[in-house]
Amino acid sequence: MCLSAFFAFQYQNIIVTDSGQEEIISQIQLTKVECNASEPLVCMDAENGEFFECNFTIENPTNHSVTLLGVSATYERKTPSSLYLIARGSRSYNLNFELGNHTFTLKMYCLTYTEKPPPSILTTPSFHVDITVKYGFSARILGATVSDSTVEGTWVVARPPNDETYPLLFMYPVLIIGTWTIGIGAALIVEFTKVKEVIKIEQLASANFLLFALFVFAILLLPSLYYPPPYRASEISLPATGGLAGLTILVKNILRFIIVLNIITAIGLFLHRRWAKTLALAILILFIISIFYANLLLGLFIPSFADISTLILLISFAIVGATTTITVLKLSKTS
């Protein structure tokens, strides 16, 4: 109980800390963009590999040292009704970013597969710049728009894959599930090795199937856990769509059926009903079948980044399987 309370406190603490770290990151500003040439017209009739260089000045107005992870930019020419993509560039860093202004040079490679504006059309040069910054375990992509050399603003756009908030938040609920499942499961196994009375065996079996039901219920709840916005730009399990959405709904319905079946079995065993032993055997068979689809279940309900959490859930899954197998074997000897 104390461990669960500690993990729940840590979950809330991660959310609060992440919010504070975002406040520091959001103060980072793009202040100026200058091209080494007065106008990068080289891209208007560019061939593969041609580029021009731009200097991006970024300000850290805080007294906190953050980590600059990368800068990427898209150079565009626009009219009131059209937008022409001209060049793109990006560069990865891993630099401590102290108080003050810092200038970074970026190679902007000309795009040869996009339509260029005709010389007769008046266009305005603009940049869209993404700055990836990390402070503590939180990371953000800051977006900025530059129109005709004027920086229009810098704001938080999304979380990059470098952000560690989601893995931390996912881990603590999984630790709560694992603590209860592994702890109760181990206690049941120990009790089953000692007990001989039929009534006691059926009571322990009832507790086992309640544990099974709670474990499956917890798996269903995991995707609905609260995660603070903004959401990740990539490397996250996206909401299911199309055929995957239908498969997710089907699996959820099967899991709900298993929960109901476990609860009915637990009640039947507690009331010493013979039919409950048949249901117990059916649940064990369902569990054995589910082993072959464990990877599918993990993919539908567990984010791709949750390596440690996945291991904890697999151990919990194994404990549930072990206690259920022992339960059915014990019940078979009481028939």
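Everything below is about the structure shown above.
About the cut-offs
- Residues numbered from 1 in each chain as written.
- Predicted model: local features only at pLDDT ≥ 70, side-chain atom pairs only at ≥ 80, totals over all residues.
- Heavy atoms only, no water.
- Helix = DSSP H or I, 4+ residues; strand = E, 2+ residues; numbered from the N terminus.
- Buried < 20%, exposed > 50% of the residue type's maximum accessible area, 1.4 Å probe, protein only.
- Contact = heavy atoms within 4.5 Å.
- Areas by Shrake-Rupley, 256 points an atom, 1.4 Å probe, with all protein chains shown as cover.
- Pairing = 2+ DSSP bridges.
- Axes fitted to C-alpha atoms, helices over the stretch in contact; angles between N-to-C directions.
- Polar contact = N/O pair within 3.5 Å; in protein donor to acceptor, adjacent residues only side chain to side chain.
- Parallel < 35°, antiparallel > 145°, perpendicular 65-115°, else oblique.
- Nonpolar A, V, L, I, M, F, W, Y, C, P; charged D, E, K, R; others polar.
- Salt bridge = Lys/Arg side-chain N within 4 Å of Asp/Glu carboxyl O.
- Core = buried A, V, L, I, M, F, W, Y, C linked by side-chain atoms within 4.5 Å.
- Phe/Tyr/Trp six-rings, centres within 6.5 Å; stacked < 30°, edge-to-face > 60°.
- Lys NZ or Arg CZ within 6 Å of the ring centre and 35° of its normal.

Here we take up the overall build of the chain. Within the chain one finds seven helices and eight strands. When the 335 residues of the chain are sorted by exposure, 44% land in the buried category. Of the contacts formed within the chain by residues at least 6 apart in sequence, a portion of 73% connects residues at least 24 apart. Of the accessible surface of the chain, which amounts to about 17,300 Å², a share of 63% is contributed by carbon and sulfur atoms.

So, about the side chain of Thr74. Inspection of the secondary structure assignment puts Thr74 in strand β3 (residues 66-78). On the accessibility criterion, Thr74 (13% relative accessible area) is buried. Setting aside residues up to four positions removed in sequence, Thr74 forms contacts with Leu85, Ala87, Arg88, Met108, Ser126, Phe127 and His128.

With that settled, consider the environment of Ala218. Following the sequence through the fold, Ala218 ends up in helix α3 (residues 198-221). According to the relative accessible area criterion, Ala218 is buried, its value standing at 15%. Placed 94 residues apart in sequence, Ala218 and Thr124 show a C-alpha to C-alpha distance of 54 Å.

It is worth spelling out the sheet that holds strand β6 (residues 124-135) at this point. With antiparallel pairing, eight strands are arranged side by side in an open sheet as β1-β2-β5-β4-β3-β6-β7-β8. Every other strand in the sheet has two partners, leaving β1 (29-35) and β8 (150-158) as the edge strands with one partner each. Going from strand to strand, the sheet's axes swing by 25 degrees on average, the running direction of each strand aside. As paired elements, strand β4 (residues 83-97) and strand β5 (residues 100-110) share two bridges and run antiparallel to each other. The residue of β5 that forms the bridge with Ala87 is Cys110. Where helix α1 (residues 2-25) meets the sheet, it contacts β3, β6, β7 (138-147) and β8, and its direction lies at approximately 30 degrees from that of β7.

Moving on: the side chain of Arg77. Turning to its location among the elements, Arg77 is positioned in strand β3. The buried category is assigned to Arg77, whose relative accessible area is 9%. A polar side-chain atom of Arg77 sits 3.1 Å from a polar atom in the side chain of Tyr75. Among the polar contacts listed, one links the side chain of Arg77 to the side chain of Thr123, at a separation of 2.9 Å.

Running from N to C, α1 and helix α2 (residues 165-194) cross one another at 170 degrees; their axes reach a closest spacing of 9 Å. On the basis of their axis angle, the class for α1 and α2 is roughly antiparallel. Counting all contacts with α1, which are made through Leu3, Ser4, Phe7, Ala8, Gln10, Tyr11, Ile14, Ile15 and Asp18, the residues of α2 involved are Thr165, Leu168, Leu169, Tyr172, Pro173, Leu175, Ile176, Thr179 and Trp180. Tallied by class, residues from the contact of α1 with α2 come to 13 nonpolar, four polar and one charged.

Counted according to the given criterion, the structure contains nine salt bridges. Across the pair Arg140 and Asp18 runs a salt bridge whose closest N-O atoms are separated by 3.1 Å. Of the two residues, Arg140 sits in strand β7 while Asp18 sits in helix α1, which places them 122 residues apart along the sequence. Notably, a salt bridge pairs Lys134 with Glu164, separated by 2.5 Å at the nearest N-O pair. Taken together, the positions of Lys134 in strand β6 and Glu164 in the loop between β8 and α2 put the pair 30 residues apart, joining distant regions of the chain. Since its relative accessible area comes to 37%, Glu164 is described here as partly exposed. Look at the salt bridges and you will find they share partners, linking Asp18, Glu22, Arg140, Arg159 and Asp163 into a network.

Here we come to the nonpolar core. If you look at the biggest cluster of nonpolar residues, it comprises 49 residues, and the most contacted ones within it are Phe212, Leu222, Leu255, Phe301 and Leu313. Among the nonpolar cores identified, the runner-up in size contains 31 residues, and Ile24, Val33, Phe56 and Val71 belong to it.

It is worth spelling out the packing of aromatic side chains at this point. Going through the model one piece at a time under the given rule, you end up with 11 aromatic pairs. When the centroid spacing of 5.3 Å and the interplanar angle of 70 degrees are considered together, the rings of Tyr166 and Tyr227 count as edge-to-face. Placement of the pair is Tyr166 in helix α2 and Tyr227 in the loop between α3 and α4 (242-270), with a sequence separation of 61 residues. The pair Tyr166 / Tyr227 is uniform in exposure class, with both members buried. Among the aromatic side chains, those forming a connected cluster through ring pairs are Phe52, Phe56, Tyr75 and Phe127. Looking at Arg159, its charged tip hangs above the ring of Tyr166, at a distance of 5.1 Å from the centre.

Bringing the environment of Leu261 into the picture now. Along the chain, Leu261 falls in helix α4. Considering only alpha carbons, one finds Leu261 and Leu279, 18 residues apart in sequence, at a separation of 7.6 Å. With sequence-adjacent residues up to four places away left out, Leu261 is seen in contact with Leu279, Ile283 and Leu286.

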